[in-house]
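Observations on the three-dimensional arrangement
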Amino acid sequence: MNCGTFQDSVSDYLDGALDPRARAEFGAHRLGCRACRDLFGDVRATLGALGALGREEVAEPVELKARILAATTAGEMLSCGDFDSLIERYFDGVILAPTFQTFQAHFAKCSKCRRLLAGIEEAIDLCREAKAEEVEVPDSLYERIVAATVGAEEQPHSRFSRWGPTLSGLYRAVWTPQLAAAALIFAASGAVILSRFGSVGAMASEASERAERLVNEGQAAINQTGSMAITGIQRVSSGVNSILQDAKPGRPGGAEAADPQPSSQPGNQPARPQGPKIPDGDNRSCSWIDRNQA
Amino acid sequence: MGANAALIKSDAELVRRCRAGDSVAWEQVVHEYSRRVYNLAYRFTGRHESAEDLTQEVFVRVYRSLEQYDAQAGDLANWLMRLARNLVIDDYRRRGRTPTDVGEDLTDHEYHLESHLDAPDQGVERLERSSQVHAAISKLAPDLRECVILRDIEELSYQEIVDILKIPVGTVKSRINRGRIELAKILRRMKVVEYI
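Residues numbered from 1 in each chain as written. Chains lettered and ligands numbered in written order. Predicted model: local features only at pLDDT ≥ 70, side-chain atom pairs only at ≥ 80, totals over all residues.

Along the backbone of chain A there are 15 helices and zero strands. With 294 residues in all, chain A has 10% of them scored as buried. The contacts in chain A between residues at least 6 apart in sequence include a share of 39% that link residues at least 24 apart. (Helix = DSSP H or I, 4+ residues; strand = E, 2+ residues; numbered from the N terminus. Buried ≥ 20, exposed ≤ 12 C-beta atoms within 10 Å, placed from the backbone. Contact = placed C-beta atoms within 7 Å.)

With that settled, the discussion passes to the overall build of chain B. Scanning chain B for helices and strands turns up ten helices and zero strands. Its helices and strands in sequence order give chain B the pattern α-α-α-α-α-α-α-α-α-α, from N to C terminus. Counting all 196 residues of chain B, 41% fall into the buried class. Here the contacts in chain B between residues at least 6 apart in sequence split such that 62% fall between residues at least 24 apart.

The next subject is the nonpolar core. The biggest cluster of nonpolar side chains holds 63 residues, and the ones touching the most others in it are Cys18(B), Ala41(B), Val88(B), Ala136(B), Val148(B) and Leu183(B). In terms of residue count, helix α2 (residues 23-45) of chain B provides more of this core than any other element does, ten residues in total. For Ala41(B), the contacting residues outside a window of four places in its chain are Ala51(B), Leu54(B), Thr55(B) and Val88(B). Core analysis: the next-biggest nonpolar cluster, separate from the first, contains five residues, Leu78(A), Phe83(A), Phe103(A) and Cys113(A) among them. (Core = buried A, V, L, I, M, F, W, Y, C linked by C-beta atoms within 7 Å.)

A few words on helix α1 (residues 11-19) of chain B. Residues and elements named next belong to chain B. Buried within α1 we find Leu14, Val15 and Cys18. Down the axis of α1, the buried set is contained in an arc of 90°. They therefore lie on one face. Among the structural elements, α2, α3 (48-64) and α4 (76-94) are those in contact with the buried residues of α1. Just beyond α1, the residue with positive phi is glycine 21, at close to 90°. (Arc of directions from axis to C-beta.)

This brings us to the packing of helix α9 (residues 158-165) of chain B against helix α10 (residues 169-189) of chain B. All names here are of chain B. It is the contact of α9 with α10, at a shortest axis distance of 9 Å, that shows an interaxial angle of 105°. Relative to α10, α9 is oriented roughly perpendicular. Packed against α9, whose contacting residues are Tyr158, Ile161, Val162 and Leu165, the element α10 presents Val169, Val172 and Lys173 at the interface. Here the contact of α9 with α10 is composed, by residue class, of six nonpolar, no polar and one charged. (Axes fitted to C-alpha atoms, helices over the stretch in contact; angles between N-to-C directions. Parallel < 35°, antiparallel > 145°, perpendicular 65-115°, else oblique. Nonpolar A, V, L, I, M, F, W, Y, C, P; charged D, E, K, R; others polar.)

Interface extent is often summarised as the accessible area lost during association of the parts. Counting residues at the interface gives 36 residues for chain A, matched by 41 residues for chain B. At the level of elements, α1 (3-8), α2 (10-15), α4 (34-55), α5 (64-71), α6 (74-77) and α8 (97-109) of chain A are the ones that each hand at least two residues to the side of chain A that touches chain B. Here the element with the most residues in the side of chain A that touches chain B is α4(A); it accounts for twelve residues. Taken together, the residues that form the side of chain A that touches chain B break down as 17 nonpolar, eleven polar and eight charged.

Turning our attention to unusual backbone geometry. Residues and elements named next belong to chain B. Backbone geometry at glutamate 155 places phi at a positive 55°, although glycine is not the residue there. Mapped onto the elements of the fold, glutamate 155 is located in the loop between α8 (142-153) and α9. For lysine 166, which is not glycine, the phi dihedral falls at a positive 60°. Locating lysine 166 in the fold gives a position in the loop between α9 and α10. Lysine 166 sits in the exposed class, given 8 other C-beta atoms within 10 Å.

Moving on, we get to the packing of α4(A) against α10(B). Close contact between α4(A) and α10(B) brings their axes to 8 Å; oriented N to C, the two are set at 95°. Taken together, the axis directions place α4(A) and α10(B) in an arrangement best described as roughly perpendicular. Of α10(B), the residues touching α4(A) (which contributes Leu39(A), Asp42(A), Val43(A), Thr46(A) and Leu47(A)) are Arg180(B), Ile181(B), Leu183(B), Ala184(B), Leu187(B) and Arg188(B). Split into classes, the residues belonging to the contact of α4(A) with α10(B) amount to seven nonpolar, one polar and three charged.

So, about the environment of Tyr33(B). All names here are of chain B. Looking at where tyrosine 33 falls in the secondary structure, it is placed in helix α2. Given 19 C-beta atoms within a 10 Å radius, tyrosine 33 is considered partly exposed. Put simply, tyrosine 33 and leucine 80 are 47 residues apart on the chain and 8.3 Å apart in space, counted from C-alpha to C-alpha.

Moving on, we come to the environment of Glu154(B). Along the chain, Glu154(B) turns up in the loop between α8 and α9. The sequence separation of Glu154(B) and Leu40(B) amounts to 114 residues, and the corresponding C-alpha distance is 7.9 Å. When neighbours within four sequence positions are excluded, Glu154(B) is seen to be in contact with Gly54(A), Leu40(B) and Ile149(B).

Of the residues in chain A, 60% have a pLDDT of 70 or more, and the chain-wide mean is 72. The low-confidence segment residues 250-294 of chain A, where pLDDT is below 50, has 33 contacts with residues more than four positions distant or belonging to other chains. (pLDDT = per-residue confidence, 0-100.)

Now for the confidence of the model for chain B. Residue and element names in this part refer to chain B. Of all residues in chain B, 80% attain a pLDDT of 70 or more, and the chain-wide mean is 81. When the elements of chain B are averaged for pLDDT, helix α6 (residues 109-112) gives the smallest value, 38, and α10 the largest, 93. Across residues 101-118 the pLDDT falls below 50, and counting only partners more than four positions away or on other chains, this stretch makes 28 contacts in the model. Across the assembled chains, the prediction reports ipTM 0.75 with pTM 0.51.

Here it is in structure tokens:
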């Protein structure tokens, strides 16, 4: 072992970390080399001095504790992490008084946390503004959404989209205060129908039955009126026939009366047909009607 | 801390009350650990003023990190001192591991030493020796100094030093050995080792 290796092995020797062979070589060199022997003695003495230095404690200055406590006052004692954890409670207003004092003290001393709190307050204000101001949806948005989802070939939807603004305008108009009364009356009518008939279907059924009864009564009345009219016509027809038969032999004006053709002579009024010729018997057809038909 | 205040013995309870803003609990923590932290800071800075500033910074950081403390993972002393070591080492490296001229400051050391258990002569001699050792440590190269302090004064294991310094264990062992030899040579030149 040379002097360089000896010096490199001093600590390992003192720590007992050398193997037996190296330890023996170390001891042999120490005995043979005066300089290394002296150096080894000095190192051991130095370690003793260092150990003593570690065991003796220098008393701290009297004022040091007070200085430390003053430096770690409320604001200092609250760490930025603690401040962060209190921010939510601060905005909720649930910080207890002592904690709030430390919160305020830290806020006053820490510019980073001041900026953080100001940023959060600004963000909250922006959120409130955004909530208060709703943006109008563009008219084209619906068509764009439909085109992007079900596709542009959905024509019924497109047609509806054209009517959409109109219908929505109508919808909004219906719900104006002026039409509230009408809506109320309509609702009341519905309530009356429901209370009296039970349902709209029942009301319709009863209305249908009433209508049928009215039709039947009307039909009966018409039949009765028709019979009376036929009887009257038959009487008139028979009376006219008897008059005509009586007027045929040499009576003036009798030919004219019998002539169905209108007279063209001056002073004579255009003559209407002289009434229907009612055939005898139960034949209800009139002669003038037959002519017109012919 | 008030004399009448009952000590909180459970670490979990102590930390929980600190986090809840209990000033008495926090005073207890400061009272129990400020000296250990201050001594650690002093060994790395070599100046009382710097050690005070660093100790205050450590306790502010400790309080802000109390939410990370898990009583199941270990006691408060280990957790707090581990955090303190990391912060002191960070500060040490941030300052460029500049060796501190401790000569002037060490003369004030007498005021802070608790020497009431020693005889007056022994106290003075011990004070002198401690000051010289501190001065010798401050002359070490920064890489060697942090390893020697952590191993031979703080008495950490190699693995704990590896975790703090984030360097391989072989490098740690090598730096500790070189630091010890270098410190012994310095103390020899200072004629300190002759009196140990």
